Amino acid sequence: MDAFWSRHRYWIIGHRGARGHAPENTLAGIDAGLRLGADMIEIDVQYHADELWLLHDLRLERTTSGRGRLADARRAELEALQVSGEPLPSLDAAIRRIDGRVPLNIELKSAGGSAEAVARCLRAHLQQGARPADFLVSSFHLPELARFRAALPEVPVGALFCGVPLDYAAAAATLGAASVNLGADFLEPALLEDARRRGLALLVYTVNEPEELVRLREAGITGVFTDYPDRGRTAAGG
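Model, not experiment: these values are computed from the prediction. (Residues numbered from 1 in each chain as written. Predicted model: local features only at pLDDT ≥ 70, side-chain atom pairs only at ≥ 80, totals over all residues. Heavy atoms only, no water.)

(A) Quick peek at the overall build of the protein. Helix and strand counts for the protein come out as 9 helices and 11 strands. Its C-alpha radius of gyration of 17 Å places the protein within 12% of the 18 Å reference for a compact globule of 238 residues. Seen along its three principal axes, the alpha-carbon backbone of the protein occupies a region of about 50 × 35 × 35 Å. Across the 238 residues in the protein, those meeting the buried criterion constitute 53%. Taking all contacts inside the protein whose residues are at least 6 apart in sequence as the whole, residues at least 24 apart take part in 56%. With an accessible surface of roughly 10,100 Å², the protein has 51% of that area assigned to carbon and sulfur atoms. (Helix = DSSP H or I, 4+ residues; strand = E, 2+ residues; numbered from the N terminus. Rg over C-alpha atoms; globule rule 2.2 N^0.38 Å. Buried < 20%, exposed > 50% of the residue type's maximum accessible area, 1.4 Å probe, protein only. Contact = heavy atoms within 4.5 Å. Areas by Shrake-Rupley, 256 points an atom, 1.4 Å probe, with all protein chains shown as cover.)

(B) Focus on the packing of helix H4 (residues 114-127) against helix H5 (residues 142-151). At a minimum axis distance of 8 Å, the contact between H4 and H5 shows a crossing angle of 35°. Note on packing geometry: the crossing formed by H4 with H5 is right-handed. For the pair H4 and H5, contact is made by Ser114, Ala115, Glu116, Val118, Ala119, Leu122 and Arg123 and by Glu144, Arg147, Phe148 and Ala151, respectively. Partitioned by chemical class, the residues of the contact of H4 with H5 number 6 nonpolar, 1 polar and 4 charged. (Axes fitted to C-alpha atoms, helices over the stretch in contact; angles between N-to-C directions. Left-handed = near helix turned anticlockwise from the far one by under 90°. Nonpolar A, V, L, I, M, F, W, Y, C, P; charged D, E, K, R; others polar.)

(C) Spotlight on the packing of aromatic side chains. The full count for this structure, using the stated rule, is 4 aromatic pairs. Ring plane angle 75° and centroid distance 5.3 Å describe the contact between Trp5 and Trp11, whose orientation is recorded as edge-to-face. Trp5 gets classed as buried once you look at its relative accessible area, which sits at 2%. Classification of Trp11 by relative accessible area gives buried; the value is 0%. The ring of Phe4 is capped by Arg7, whose NZ or CZ atom sits 5.3 Å from the centre of that ring. The ring of Tyr228 has Arg231 sitting right over it, with the charged end atom 3.7 Å from the ring centre. (Phe/Tyr/Trp six-rings, centres within 6.5 Å; stacked < 30°, edge-to-face > 60°. Lys NZ or Arg CZ within 6 Å of the ring centre and 35° of its normal.)

Following this line, the structure appears as structure tokens:
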């Protein structure tokens, strides 16, 4: 397995910052994840109106003061939105807030140019002193992930799955991925074995129960996404 993952025996990844403690995909959520001991912070990114916004849903109303589809909103409207008292953050703002303290997992939630836009943003930060290992870019949209990989091959990528692929980890290996990221409901032994055989890290989402966090650590999983990094930190042994 890549030396990147050997930095920790069991990675605790703050899901959307620290969703169990603070509003998701916000700078406050990132602060909470860091404060609670996350080894990595995960956020969702969508590209619209020439900006990369931290937003999970295709619609605005669940997490922001806006209504309707992100794709229908003008930039000025998005800049005026509030997310639990703070502006809707950009990817650039999130990177600056973390400031290299832990790696940032950027999940591409949409296609349509997000790969190239994220590559441009990260390239600018690399030119300012960031390291490729400060980032992990992931997506369920594997063609978009391949486009990112072609645009910025030095930054590691993670292939997201919400089921068990027929070819197990082969698609992730073909992409040159550093990790297979899969749901806790799909821990198929053959998939796990195939990923290990190919030298890929195994990251499991979204795990919040203390006993499950411990069980996955004991099973040798590389890391977990959790809404409660403090629980993960306890399961990892402090």
